[in-house]
Each structure stands twice: as structure tokens, then as C-alpha cells.
Amino acid sequence: MSTWTPQPAGLQEILQTIRDSTDTQGNVQRAITHKLNTFTRVPDYIAYLAYILTALPQEEDQIRTIAGYLLKNNARLLLNVSPEVAEYAKSAVLQAFVSSPPLIRNAAGHDIVAFLGALEPRNWPDCLQQLVNMLDSPDPALQEAAFSVFEKACEDFPRKMDVEINGTRPLDYMIPKFLMLSEHPMPKMRSHAVACLSYFVPINSQSLFAHIDAFIACLFKRASDEDPSVRRHVCQALVLLLAARPEKLMPEMSNVAEYMLYSTKDKNESVALEACEFWLTFAEDPDLAAFLHPLLGRVAPVLLDCMIYGEDDLLWLDGDTEDTNVPDKETDIKPRHYGGKTHGLDRDQAEANGQERKRGAYGEETLDDEDEDDYDLDDDDFADEMSTEWNLRKCAAAALDVLAVRFGSELLNVLLGPLKNKLWSAEWLERESGILALGAMAEGCIDAIEPHLTTLVPYLINTLNDPKPLVRSIACWTLGRYASWCTQPISEQHKNSYFVPTMEGLLRMVLDDNKRVQEAGCSAFATLEEDAGPELVPYLEPVLRNLVFAFEKYQHKNTLILYDAVGTLADAVGRALQNPAYVEILMPPLTSRWAKLSDHDDDLIPLLECIASVTIAMGPAFSPYALPVFQRCVNIIHQSLLQYQAYQQNPDLDEPDKSFLVVSLDLLSGLAQGMGMHLESLIGQTSPNLLQLLTVCLKHPQAPVRQSAYALVGDLAMGCFQLLRPHLPAIMAELIEQLDPEPKVEFISACNNAAWSVGEVALRYGRDDPEFQQWVNPLIGRLIPILLHPKAPRSLHENAAVSIGRIGLMHPNVVAPHLPEFAQAWCLALYEIRDNEEKDSAFRGLCTLVQTNPAGIAKSLLWFCNAIIRWHQPSAELNSMFQQLLSGFKHHDEAGWAAQVSSFPPVIQERLATRYGV
């Protein structure tokens, strides 16, 4: 045991602070939290906490437990304390674990898990040994508590457990021990055993897989266990095996599938949920589709039945009330992460082919992809269609969604009968689940469902009149899922039969008297706005009047969603919004809200985000409102920079929230896009000077701030270049520095925006400008490595290629010698991008480089020709450049050209001949 002992005065101060922490008043809590944070700088703070937990039985259990939880939260301090303090804390928590009442033992157990995580088991092997010995204790409570610690540790850090310590692997004797304990007479012990074993599946632990047959036999034996917790862990283990080592289950798949179908219908929802996860995991793996296909006819109807609200859900939801006048609880409002503006390019085809999509519509965790933004829930995400918890209903809907993508029309064929029965059932719960299923299948089954939509869309619109709010809200969501079909400009009849009634129906739901329906209606309407775009213009006045009326009606949470719907509307209809009548409808409620919010109110962030879209759409019509908006953004930026400076000088302060700074920069970007040179007078009238603040933002340590600052540089270059030009020498030095071929993940968006904005600046300087010329070589020296880097994200490749093209258009003599180095990668980066002005200017730049250095394209001719024929409608100027270059190649060496073209794929040969006669 360590010789450490507490100082009485220090002990009393910490004890008193913990006692004070039980006071529930907010201002007291904040002061206590601050004081507790200052204690972390006391070198032996964790020893004091361990002492209070272990050595003060006269103290109330509540006080000792709080000390235990503080100890858990500060476990990482163990790594930086003296050996004497660390030794004391470790031995004290083990002592408290062995010989304390249940509440204290529980707290000590959490501490042991946290200590093992911080130190890693290999640096505390005697703890592992003591815990293993406790599994054989004659005291059942100690046995179970030790196994509970193992379960948490195996779940939280299985890789740290799977190590060699002093020449042996603890798991080599722990795994057989766990397998043996899966037969224990106590259900909790059996449950812990199966759980601990299962957590080593995803990491492919060799210690487990050496016993794989025994493990699978154990799962089959426990599959019919009377205890639901054991069965839940069996299902969980089978899900993990299916994801990590499906080949181990395939020989037994018919038995496993039967068991999982049976378990998906288990009366215990936690068992059913784990079993349902099995079908979601099965459907997500394209390599397993052939094994899942024969089961489709049995699995899909079971999933459909799982989508009915359970009794617990209905109690939790309290869904029948007209609660529009009931204020929201602050706990109802989820924190939003504002990620800032990113510049990207649209591709020609949807990229879902063969790739996993991010699912978020049912509230489950989304899958990562290379998209580097922070994102909020998308408009069509329906994470709140019931409790925010992941549950059986949501899991079944998510599984059906993935099955639809995987099997398309075959799934619809299986479900057509059961789905019709549900949709036209007299029971509202059955109808509601059928509508959820119809929405879940929208993406994957659209081709098969489309012939039925002439019946289904009117059915859904009619369902918006249902007396049950939960039915109205799910009908909104499902209409949102089919919005792209409703908004297709097929014919006047289609518009009048489907688009207009859907729009009108959703607008009614936006103004419903139930808050859940309002939320669903508002989110679905935002989806409709995105899909309809300019088709909404003829209906703008009634749409705006409805949305503005909602501002009067909504409570806090739905107001935040409404900001998003207004911003999306502005993005969708663009400059149509500058009609004075529309400005007069929309701006008063926005400015009224704007005036009520302080510069530190979190609600200001979504409002500023909304106004940024509105300013771009309204353009010069926004002028009467521009000065106060501009001034406030500059003030927020200035104050945020001062706060961050204070934080850098005193790290004891809390790090300031960057969101206000980022969203203010983005709103100024919107003003620059919308108002262009009209900004000149605003910049002149405002102090401190925006462009001086912008130069500071470009150096900000937080990447999202730099990201939005680079976007603002590009937008100012496009809208009011003459104002920006005097400041560009300082700005360009920062932009060049930011261009990195392999940025850290959190820097990707900032790097993207920097790469894009240098191209905008190059265009505005004009041809062969001597001031810009000084930066050409440093820029090209960084952009080409980005373009050629195999690990750089695709969005960065694209932005780098566009900027190389634009710099080449303005300074061909400097860039052309580098053409052989990057031509192929350049063509590969941009050939799939949709036609637009950015792409056009970049290709004009490439053509100018080829004219300047024709030999530079020789080795990349196939890729160049492929990129040319992928254009749908190049501008007249660009098309003429293509014609001139291709004809030049042909006439320069007809035989050589013919030989080379004959080796091209037929589609390229055909389009070159048809379009350009070469």
C-alpha cells in the first residue's frame, strides 16, 4: 500500500466542495463546477478523491459516490501524477470495490474501468488478476460486480484487453473462463459471459477465434435461455459475427436465420431489437445479398410487423394533444453543430452506385464517408418521429430501407399484399406503420412503386386529415420521401394533381396545432422546396405567408426548423425572392426576431444561417436591411476574436464557441454574393474594418473559422474584387500556406475553400497581371501535389484542378511547362463534374495550356478526349477551343491521330466524330 496521506485542510476543502455540489441551484452549480475544475491542478487530487471514496465510512454514501464519479471523470490524471499518488489511488479503488456497500462498490467499479482504460491493462496486470480471482468468489454479489467490470472494459476497449503481458496473453485464460461461466446458474453471470465474449469478435481476437467452435456452440446453447438479457447478448454476438466473420455463420445460416426470425418477434423489446439489428447488418453487406435473397419473403413481413408503435412508445409520446401553445422544455432542443460553408462541385450522376449511403432517417448512427462537413440532420431525416432513442420500430424501418436498396422491386412484390392491408386497415396504428414502411422503401423501390404513386400520393395527402397526429406526422415524412416524384415537371396535369395538392397539404401541416406534426410538416416541406426549386416561384406569396404565420405560432424547437425551411426556400427560388412584395412579407418577422436575440443567444446561429440564404436570393433588394446586418456581423466577429485572444492568453478560461464567428463570416459571404459592389459603402461605414478582421480570421487556430474566412475571400473576389485587392498580398500568403496535399480530416474543408478561392482571385486579376504572377509558382507548387496525391479527398482534387485551370487561363506561360505532370490527373478529377461556369473557365484554362504547350497533352490524350466528350453543353467559346485543338491534332499528323483514336473506347470515337468531325 502507498504511504500517501491527505493533508487535513485540503481534504476538508474538497469534501466541502463535494457537499456543496448537491445544491441544485444553477448559479451555485456553475461556481462549484469551476472550483472542481481548478482542483484538477492539485498534484494529488485523485488520491484525495480515492481517500474520500474508500477511507471515510462515516461520510454519507452520496458524498463518497460523487467522489467516485469525479475520480472516474479525472482518470487520465493518473498518467501525470507521482508513482506514490497513482499507487494509492489504484489500491484504494480496489479496496473499495472488494469491501464496500453496493453504492460505493458500484462507483469503485466505474473507477476501475476508467483506470484500466487510462493506464491500459498491460500497465496494471495485478488488477486483471484480482478481478479474475473474484469471478470464483464465494460472495455472489462480488462475483457479479467483478464480471460487470469486465463487461464494461471489454466493451469500451477490447483491443487494450487483447495484449501480451509479461510473455502471456491474459485473454488466453480469460476466454475459456468466460465460456465456462456462460453455464453459470446465475442469469446475470451468464449474460456477462456472453457479452464479454462477443466484444472480441469485431477486433478479430485470436484468443477468441482459437475457441470459435466452442463460442458458437455456447451461443446456440444459450439461444433458448430463460433470461431475456442472455438472449439479447446472444443476438448481439450473432450480429457481430455476421459483420466481422460471416463465413463462420454460413454453414449454420438456416438455423441462425430461423432463430433470428423467431427472436425478432420476441416479447422482450431489447431482444427483438438486437435480433432486428441482424437483418439490418445482413442487408448492409452487398457480399451477403445472395444468402439473404432466399429469406426475403419471410424477413420483410416480420420487419413490417415490427414497425407498429409499441405501448411504451405511445405512453412516452403522448401524441394526441393539441400542444402548439405549450412551451418546449429546453431539454427537447438538441444542440446543433454549425459546420460552416464549404465549396464543392456537383457530379453528373448520383454516386450511390455500389456504395453504402449514409442513413440517418430513423435516428440510427450514420456511416462515415469522405464528406468532411459537420452536418445536422438532413431535412428528410425523421429522427424524432418518436422518442430519440434507437428502438425496434426505427431499426425495422432502417432495415427495410436497406433491403429496398438491395432488392428493389423484389421487396415490393413480397410486401405488396401485407402493405395494402396495413394502409387500408381500420386500425390507425396499422395504417401508421404501413405509411412508415412506404416511406422507408421510397429510395430503393421507387421504380417499382412509381406506377402506384398516382393512387398512393392522393392517399397520403388525404391522410393529412387523419384525426391522429402521429398518422399526420408520418404521412408528412413519407410525402417528403416522394417529393422528387411529385415535383417532376411532367405535365400541367401532373402538377395540378400531385405537386400543388402535396404543397398545399404540407403547408397546412406546417400550421397544425400539434407540435410533432408541425415539425414533420416543416421538414417535409423543406425537402419539397429542394426538389421543386424554381417550380415554387408561382406560389411564393402563399408559401411565404404560411411560413411567416408559423413564426407567430411556433414554440422554440420548431422555430429552429422553420429557419431552415425559409433558408431552403431562398436557395430553391433564388432571385425570384427579390420581388418587393415578397421582401415585404418575409423581412419584418426575420428582423423582429433578429432584434430580440442577443449576440450570445444560440438561436442567433440558425437565424443568421437562414438570413445568409435570404441575402443571396434577394440580392440588391436586401439593401434596406443590409447595414444593421453587416454591422452586427462585424461586431460579432470582432468580439469573438477578442474572446479567443483572451482565451489564448489565459487557458483557464473556457474556449469560446466558434459558431457565432463562423456563421457571421458565412452571412457576410451571402451579402457579398447578393450585393456585390453595393458592399463598398457598408465596409466604409463600419468599424473595425472587415478586411482587417478577415486577415486575422485566416490565421485562426480553429479550422472551421479559416474555412469560412477562405469562402468569404472567394465571394468577395467574385462580388467586389476592387475592395479586396489592396489586402490580397497578406491574404494570399495565408491561402498558399493552407494548401496541403494530405490535410488532417478536420482541415479538409478549410483546404477545399482555400483551393477554390485562389482560382476566383486569379480570374479577377485578369490575364498576365504582374501582381498575381508572383504567386503563380508557389500556388502551382502546392496545387499540383494535391491533385496528384492518392489520399487527398476527391473534393480537394476537384477544387485544386479547377484552380489550376483558372490560374492557367490567366498565366498560361508560367503554368504550361507543368502540363505533362498533371494533365491526366486533371482530366480524371473533372470529367464527371456537372457543366457549370466554374468547370467552363477551368476547361478554357486547360485548353489555353494545351495551345501553349501541345506536347504536354500527348501522353494524356485519351483522358483529355474523354473529358471533352463528357460535356453536355459547353459554352460557345469553350466548344470552339475544343474544335480548334482537336482539328489541330488531326491535321498536324493525320495518320498518327487516326492510329491513336482507333485505340479509344467506341463511345469516345463516336462522339468525337459526331461532334467535332475528328
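Residues numbered from 1 in each chain as written. Predicted model: local features only at pLDDT ≥ 70, side-chain atom pairs only at ≥ 80, totals over all residues. Heavy atoms only, no water.

## Points about the overall build of the chain
Our working definition: In this description a helix means any DSSP run of H or I spanning at least four residues, a strand means any run of E spanning at least two, and both kinds are numbered starting from the N terminus. As defined in this context, the radius of gyration uses C-alpha atoms, and a globule is described by 2.2 Å times the residue total to the power 0.38. Any residue under 20% of the maximum accessible area for its type is buried, any over 50% is exposed, and the rest in between are partly exposed; the area is computed with a 1.4 Å probe on protein chains only. In what follows, a contact means two residues having at least one pair of non-hydrogen atoms within 4.5 Å. Only the protein chains shown count as cover for residues, and the accessible areas themselves come from Shrake-Rupley with a 1.4 Å probe. Counted as positive: Lys and Arg. Counted as negative: Asp and Glu. His and the chain ends are not counted at all. Where a charge lies is defined by one atom per residue type, namely NZ (Lys), CZ (Arg), CG (Asp) and CD (Glu).
Counting its secondary structure elements, the chain contains 49 helices and 0 strands. The C-alpha radius of gyration of the chain comes to 32 Å, within 12% of the 29 Å expected for a compact globule of 918 residues. For the chain, the spread of C-alpha atoms along the principal axes amounts to about 90 × 70 × 65 Å. Looking at the chain as a whole, 58% of its 918 residues are labelled buried. Pairs at least 24 apart in sequence give 76% of the contacts found in the chain among residues at least 6 apart. On the chain, roughly 38300 Å² of surface is accessible, and the fraction owed to carbon and sulfur atoms is 51%. For the chain, the centre of its 73 positive side-chain charges and the centre of its 123 negative side-chain charges are spaced 1 Å apart.

## Side note on the confidence of the model for the chain
Low pLDDT marks regions whose predicted coordinates should not be analysed in detail. Keep this limit in mind: Predictor confidence is given residue by residue as pLDDT, running from a minimum of 0 to a maximum of 100.
When pLDDT is averaged along the chain, the result is 89, and 93% of the positions lie at 70 or above. Every residue in residues 349-360 scores below 50 in pLDDT, and together they form 27 contacts with partners more than four places removed in sequence or on other chains. Under a pLDDT of 50 for its full length, residues 363-387 has, in the predicted model, 78 contacts with residues more than four places off or in other chains.

## So, the packing of aromatic side chains
Given two aromatic rings, one states the distance between the centres and the angle between the planes to describe the pair. Formally: The pairing test for Phe, Tyr and Trp rings, Trp by its six-membered ring, is centres within 6.5 Å, and the orientation test on the planes gives stacked under 30 degrees, edge-to-face over 60, and tilted for anything in between.
Tallying each qualifying case throughout the model produces 25 aromatic pairs. Pairing Phe278 with Trp279 gives two aromatic rings, centres 5.1 Å apart and planes at 90°, and the pair type is edge-to-face. Here the aromatic rings of Phe843 and Trp871 are separated by 5.4 Å at their centres, their planes lie at 90°, and the arrangement is edge-to-face. Of the two residues, Phe843 sits in helix H45 (residues 837-852) while Trp871 sits in the loop between helix H46 (861-869) and helix H47 (876-892), which places them 28 residues apart along the sequence. On the accessibility criterion, Phe843 (0% relative accessible area) is buried.

## What to know about the pattern of salt bridges
We count it as follows: By definition, a salt bridge exists where a carboxyl oxygen of Asp or Glu is found within 4 Å of a side-chain nitrogen of Lys or Arg.
Scanning the entire structure with this criterion turns up 36 salt bridges. Sharing partners across several salt bridges, the network here consists of Glu760, Arg764, Arg806, Glu837, Asp840, Arg844 and Glu877.

## A short note on unusual backbone geometry
Cis geometry is found at the peptide bond from Ser687 to Pro688, where omega equals -5°. Tracing the chain through its elements places Pro688 in the loop between helix H36 (679-685) and helix H37 (690-697). The phi angle at Asn166 is positive, at roughly 50°, despite the residue not being glycine. Along the chain, Asn166 falls in the loop between helix H9 (158-161) and helix H10 (170-181).

## Points about the packing of helix H13 (residues 212-222) against helix H14 (residues 228-244)
Our working rule: Axis geometry follows a simple rule: fit a line to the C-alpha atoms, using only the stretch in contact for helices, then measure angles between N-to-C directions, giving values from 0 to 180 degrees. Should an angle fall under 35 degrees it is called roughly parallel, over 145 degrees roughly antiparallel, and 65 to 115 degrees roughly perpendicular, with every other angle called oblique. What makes a crossing left-handed is the near helix being turned counterclockwise from the far one by less than a right angle; a clockwise turn instead makes it right-handed.
Contact pair H13 / H14: the axes reach a minimum separation of 9 Å and the direction vectors enclose 140°. Viewed along their axes, H13 and H14 adopt a mutual orientation that is oblique. For the pair H13 and H14, the crossing hand works out as left-handed. On the side of H13, the interface is formed by Ile212, Phe215, Ile216, Leu219 and Arg222, while H14 contributes Val230, Arg231, Val234, Ala237, Leu238 and Leu241.

## Focus: the nonpolar core
Burial of nonpolar side chains together is a common tendency in soluble globular proteins. The condition is simple: Grouping buried Ala, Val, Leu, Ile, Met, Phe, Trp, Tyr and Cys residues that are joined through side-chain atoms within 4.5 Å yields what is termed a nonpolar core.
Core analysis: the biggest nonpolar cluster contains 333 residues, and Phe150, Trp279, Trp826 and Phe864 have the highest contact counts within it. When sequence neighbours within four positions are dropped, the list of residues in contact with Phe150 reads Leu128, Leu131, Val132, Leu135, Met161, Met174, Phe178 and Cys196.

## A closer look at the side chain of Asn514
Heads up, the condition is: Pairs of N or O atoms are called polar contacts if they sit within 3.5 Å, as long as, within protein, a hydrogen donor faces a hydrogen acceptor (for residues adjacent in sequence, only side-chain-to-side-chain pairs).
Inspection of the secondary structure puts Asn514 in the loop between helix H28 (492-510) and helix H29 (515-532). At a separation of 2.9 Å, a polar atom in the side chain of Asn514 contacts the main-chain amide nitrogen of Arg516.

## Re the environment of Glu771
With respect to the secondary-structure elements, Glu771 resides in helix H41 (residues 770-788). Measuring from C-alpha to C-alpha, the distance between Glu771 and Gln555 comes to 54 Å, with 216 residues separating the pair along the chain. Ignoring anything within four residues of it in the chain, the contact list for Glu771 reads Arg725, Pro729 and Tyr765. A polar contact is formed between the side chain of Glu771 and the side chain of Tyr765, at a distance of 2.9 Å.

## Points about helix H38 (residues 703-724)
Spelled out, the test is: Take the number of residues in a helix, subtract one, and multiply by 1.5 Å to get its expected span. The bend reported for a residue corresponds to the angle between axes fitted to the seven residues ending at that residue and the seven starting there.
The end-to-end C-alpha distance of H38 is 22 Å, clearly below the 32 Å that 22 residues give at a rise of 1.5 Å each. Where H38 bends most, the angle comes to about 90°, and this point is Met718. In terms of residue burial, H38 counts as a mostly covered element, since 19 of its 22 residues are buried.

## Here's the deal with the environment of Glu798
One can find Glu798 in helix H42 (residues 794-810). According to the relative accessible area criterion, Glu798 is buried, its value standing at 2%.

## Some words on H10
End to end, H10 covers 16 Å across 12 residues, agreeing with the expected 16 Å (1.5 Å per residue, within 8%). Regarding H10, the residues found buried are Pro170, Leu171, Met174, Ile175, Lys177, Phe178, Leu179 and Leu181. Those residues of H10 hidden inside the fold are in contact with helix H7 (125-134), helix H8 (140-156), H9, helix H11 (187-198), helix H12 (206-209) and H13.

## Regarding the environment of Phe178
The topology assignment puts Phe178 in helix H10. The buried category is assigned to Phe178, whose relative accessible area is 1%. Each C-alpha atom, one on Phe178 and one on Ala193, is 5.1 Å from the other, the two residues being 15 residues apart in sequence.

## Notes on the packing of helix H32 (residues 580-596) against helix H34 (residues 623-649)
Two elements in contact, H32 and H34, have axes separated by 12 Å at closest approach and are oriented at 30°. One element, H32, and the other, H34, form an angle in the roughly parallel class. Between H32 and H34 lies a crossing of left-handed hand. Of the residues in H34, those touching H32 at Val583, Glu584, Met587, Thr591 and Trp594 are Tyr625, Pro628, Val629 and Arg632.

## A closer look at the side chain of Ser860
Mapping Ser860 onto the fold places it in the loop between H45 and H46. Separated by 3.4 Å, the side chain of Ser860 and the backbone nitrogen of Gln824 make a polar contact. If sequence neighbours within four positions are ignored, Ser860 has contacts with Ala823 and Gln824.

## Digging into the state of the cysteines
To keep things clear, this is the line we draw: The criterion for a disulfide is a pair of cysteine sulfur atoms lying within 2.5 Å.
A complete count under the given rule lists 0 disulfides for this structure. Cysteine Cys486 shares no disulfide, and the gap to the nearest cysteine sulfur, in Cys476, comes to 12 Å. With no disulfide of its own, Cys633 has Cys697 as its nearest cysteine by sulfur position, at a separation of 12 Å. Of the residues examined, Cys633 reaches a relative accessible area of 0% and is grouped as buried.

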